[in-house]
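Here are the chains, one letter per residue:
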Amino acid sequence: MSDDAQMASPYWSLDEAGGDIGLGRMFRRLPATTGAVLAIIARAAPRHAVTVLVLQIASGAATAFGLLATAGVLEELLAAGTAAGQVTAALPMIAVVVGTYVLRGAVDTAVASAHARVTPAVRRMAEGELFEAGLRVELAAFDDAGFYDRMQRARDRGLFHLGSAVDNLVELIGAALAVAAALTGLAVLHPALLPVLALGVLPAGWTVQRSARLSYAHMTRTVTLNRRVRMITELGTERRPAAEIRACQAQDFLLREYAEVADPLRDQEVRVGIGMVRAHAAGRVLTGLATGATFLALALLLRAGWIAPAVAGAAVMAVRSATGALGRLVVAGHQLLEQGMYVTDYQGFVADAESRGHGAPTRPAPAAPRLVALRDVGFHYPGGSGTPPALKGVDLEVRAGQTIALVGENGSGKTTLAKIIAGLYTPTAGQVSWDGVDIAEMDPRSVADRIVMVLQEPIRWPHTARANVRAGRHDRDDPGDVALREAAELAGADTVVAALPLGWQTLLSKYFRGGLELSGGQWQRLAVARGVFRDAPLLIWDEPTAPLDAKAEFAVYESLRRLAAGRIVILITHRLASVRNSDRIYLLHQGEVVEEGTHDQLIAGSGRYAEMYALQAQMYTESPAVPAR
Ligand SMILES: Nc1ncnc2c1ncn2[C@@H]1O[C@H](COP(=O)(O)OP(=O)(O)OP(=O)(O)O)[C@@H](O)[C@H]1O
C-alpha cells in the first residue's frame, strides 16, 4: 500500500440516503418544521411577519376576486349582440380586472418589502444567539467532539439555511394561499370544476415533487463529502497552513485528497442532474396529456350544459395559475424540510449550549485570595472514557506572595492543572478552594475576574496593537494609556510597538489591507503585556517565555518577579533554570504529582527533577551535539 493510500481515510464517502420524502410524509413533517421556523421569526421580527401574512391573505383574496371578474368579462364578451356592444358591456368588469391586478401588484410589492425585513432580522438574531451561546459555554464543552461538531454545523449550515427557510416559508404560505384562491374561485363558479383543476395540476405537481425528492436525497447523501471538501479547500486557501504546506511540499497530497472527495461529489451531482432532466421530460409529456384531458373535460361539461363558455375560459386560467402555485408550494415545502434539518441542528445546539453554561451566580470570589488549595483533584477530559485521567489525586497549596512552579514532561498534565486552578475546568474528582471555600460555590465570573492567565498559544487578536493589550481587561479605565504603556514596558512589548509604522494604532492582521504580521516572540510579548495590563491577584503563566529571545526572557522574568509581590503566581515552564527561585516546585508525571519541594530539596532528592535539571544544565556546559566537520 502506498503512503498516500495509507493516509486516505474511509471516514468520508457518500452518506446513506436519508429517508425518502413523499408528498404524504412532506405534509406530515411540515408542521413541525414550520413551527420551528415560525418560532424564530416570531422572536426576531414579529411585526413584519404579521404584515407579510396579512398582506399575503389580501393577495390571495385579490387573486380569487380577479378570477371571478375575469369570468364576468368573458361572459359579457361571449354574450349575444354586436362586437361593439359586447365590449362596451364588458368595460366595467374589465376595469375591475385591471383594478384587481393593480391591487395585487401593490400588495405583492408590500409583501416583498415586509419580507425583505424579516430574513435579515432572523439571521442577525440567530447569529447573535449562536455566537453568545458559544462564548458562554464552559471550556470543557470544546473538548467534547459531539458538541464541537454540533456547533460547527449550526454555525456553517444552520445559520445559512435558516435564512433560506424563512424565505421558503413565506413562499410556501403565499403559494398555498394562491392555490386556495384558485380553488375558491373555481368552487364559486362551479364545484364540478374542482376535479378538472386536479386533472390539470397533478402532472405538474408530480414533476416538481419528483425533482424535489431527488434533490433532497442528494442533499442527505452528500453532507459529509461537502464538509470534507470545505475543510480541504480551506486548508489550501488559508494563510496559517500556507507555509507548512509548502515546506512539506504537501500541495499534491492536498490536491489528491481534494480529488478523492470532489470526484464522487461531482458524479453524484451529475446523476441527480440527469435524474431531474428525466423527471422533467416525463412531466412535460404528462402535462401535455393533462392539458388535453382538461380541455376534454371542459368540453364535456359545456356539452352537458353544466357550465357556460365564459366559466370554461376562466377555468383554463385558474388551472394555469393553480399549476404554477402548486409547483411553488411543493418546491418550497421540500426545501423547507431540507432546511428544517439544519434549523433543528441550530436550535439543538443553542439549547445544548445553554444547558452547558454556568449555573446561577452564587457567592462572589474573595477580592484577593490568600490561599489556593487543591485536595485530591482528578480530571478526565470529556469523551475520554477508556483513556487514563489527565490528572489524579493532586494536592497542592499556594499562598499570597508565593510562586509555585509546575514542571514535568510533555503531556504530564501541567496545563490541565493550571486550567483547573483557574476554574476553566471543573475537576471530575476532589476540590479547588480559595480561602477554604470551594470555587464551585463561587460566581464563575468573579473567579475569572481574579485571574490572569497567559497561555502557550495566546490569541493573536486581529486588531490594533493597543486593542491587543487592552483585551486583557477591555473595560479598564486607563486615562492617557498610562497602565497600557507600563504593561508594555514590563513585557518588553514597548520596543515592538515603537517599531510599528502607526505605533499602538497599527493593525496586526495581514488579512486586512494595511495590516502587519508580527513574529511569534513579538506576539508573545504583547500577550505578556496583556496579562500584566489585566492586573489580577492570581497569575498563571503557562510557558510565557518559550518563544522569546534570551534578553526578552530575562526581562520578562525580572518583571514577573516584581509583579509577584503580594500575589499568587503559578508558573509552568520546561526551563528549569527559571523555576529555581520558586517557593515550591511540583513535578507532574502522567497526571500525578510525583515530587514536590524547593529546588534544593528536589535536587537533593536525586529524583526525576534532579535528573531533568542535570540534563538541561549539561546542554549548557558540555560541547554541543553538533557533528564535527
Ligand atoms: N482538550 C483535550 N482533550 C482531551 N485530552 C486532552 C486535552 N488536552 C490535553 N489532553 C490530554 O491530557 C494530558 C495532559 O495534557 P496537558 O496539556 O495538561 O499536558 P502538559 O503537561 O501541559 O503538556 P505540555 O508540556 O506538552 O504542554 C495529555 O495526555 C493530553 O493528551
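Residues numbered from 1 in each chain as written. Predicted model: local features only at pLDDT ≥ 70, side-chain atom pairs only at ≥ 80, totals over all residues. Heavy atoms only, no water.

Engineer: Can you break down the pattern of salt bridges residue by residue, with the values?
Structural biologist: Counted by the stated rule, this structure contains 20 salt bridges. Between E257 and R228 there is a salt bridge whose closest N-O contact spans 2.9 Å. Taken as a pair, E257 in helix α9 (residues 251-303) and R228 in helix α7 (residues 223-237) lie far apart in primary sequence, 29 residues in all. Of the residues examined, E257 reaches a relative accessible area of 7% and is grouped as buried. With a relative accessible area of 15%, R228 lands in the buried category. The salt bridge involving R466 is made with D481; its shortest N-O contact spans 2.8 Å. Of this pair, R466 sits in helix α13 (residues 465-470) while D481 sits in the loop between α13 and α14 (482-491); the two residues are 15 residues apart in sequence, bridging distant segments of the chain. For R466, a relative accessible area of 26% translates into the label partly exposed. A single network of salt bridges, built from pairs that share partners, joins D263, R266 and D267. (Salt bridge = Lys/Arg side-chain N within 4 Å of Asp/Glu carboxyl O. Helix = DSSP H or I, 4+ residues; strand = E, 2+ residues; numbered from the N terminus. Buried < 20%, exposed > 50% of the residue type's maximum accessible area, 1.4 Å probe, protein only.)

Engineer: Describe a nonpolar patch on the surface, naming the residues involved and giving the relevant values.
Structural biologist: Residues L77, L78, V87, L91, I94, V98 and V102 make up a contiguous nonpolar surface patch of about 580 Å² in total accessible area. Counting only elements with at least two residues in the nonpolar patch, the list comes to α3 (46-78) and α4 (83-136). Take the nonpolar patch: its biggest share by element is five residues, from α4. Its location among the elements puts I94 in helix α4. Judged by relative accessible area, I94 falls into the partly exposed class, the value being 31%. (Patch = residues over 30% accessible without salt bridge, like charges linked within 9 Å, V, L, I, M, F, W, Y side chains within 5 Å. Areas by Shrake-Rupley, 256 points an atom, 1.4 Å probe, with all protein chains shown as cover.)

Engineer: How would you explain the sheet that holds strand β1 (residues 371-379) if you had to name every residue and give the values?
Structural biologist: As summarised here, the arrangement of the four strands in space is β2-β1-β4-β5, forming an open sheet in which the pairing is antiparallel. In the strand order of this sheet, the two ends are held by β2 (391-399) and β5 (437-438), each with one partner. Two strands pair when backbone bridges link them, and β1 and β2 are joined in this way by six bridges, in the antiparallel orientation. Paired with F379 across the bridge in β2 is L391. (Pairing = 2+ DSSP bridges.)

Engineer: Tell me what's going on with the pairing of strand β9 (residues 584-589), and back it up with residues and numbers.
Structural biologist: Summarising burial for β9: five of the six residues are buried, a large majority. In this structure, strand β3 (residues 403-408) lies alongside β9, joined through five bridges in parallel fashion. Looking across to β9, one finds that I404 is bridged to R584. Sheet analysis places β9 next to strand β10 (residues 592-597), joined by five bridges and oriented antiparallel. From the neighbouring strand, L587 faces β10, where its bridge partner is E595.

Engineer: Lay out the nonpolar core in plain terms, naming residues and giving numbers.
Structural biologist: Membership of the largest hydrophobic core comes to 45 residues, with the highest contact counts inside it found for L526, W541, V579 and Y609. A total of seven residues in this core trace back to one element, the largest contributor, which is helix α16 (residues 520-534). Those residues within four positions of V579 in sequence are excluded, and the remaining contacts are A405, V407, L571, T573, I585 and Y609. Within the second largest apolar cluster, 38 residues are counted, among which are A154, L159, A175 and L336. (Core = buried A, V, L, I, M, F, W, Y, C linked by side-chain atoms within 4.5 Å. Contact = heavy atoms within 4.5 Å.)

Engineer: An account of the domain arrangement of the chain is needed here, citing residue identities and associated values.
Structural biologist: Annotation of the chain at the domain level lists domain 1 (27-355), domain 2 (362-450 + 539-624) and domain 3 (460-535). Computed from C-alpha atoms alone, the centre-to-centre distance between domain 1 and domain 3 is 50 Å. (Domains from an automatic or database assignment.)

Engineer: Before we move on, could you go through the packing of aromatic side chains and cite the residues and values that matter?
Structural biologist: One pass over the structure, following the stated rule, counts six aromatic pairs. Taking the centre distance of 4.9 Å and the plane angle of 25° together, the rings of F379 and Y425 count as stacked. Of this pair, F379 sits in strand β1 while Y425 is found in the loop between α11 (414-421) and β4 (429-434), placing the two residues 46 residues apart along the sequence. Summarising the burial analysis for this pair, F379 and Y425 share the class buried. On the basis of an interplanar angle of 90° and a centroid distance of 5.4 Å, the ring pair of Y381 and Y425 is categorised as edge-to-face. Placement of the pair is Y381 in the loop between β1 and β2 and Y425 in the loop between α11 and β4, with a sequence separation of 44 residues. Positioned above the aromatic ring of F533, the side-chain terminus of R476 is 4.8 Å from the ring centre. (Phe/Tyr/Trp six-rings, centres within 6.5 Å; stacked < 30°, edge-to-face > 60°. Lys NZ or Arg CZ within 6 Å of the ring centre and 35° of its normal.)

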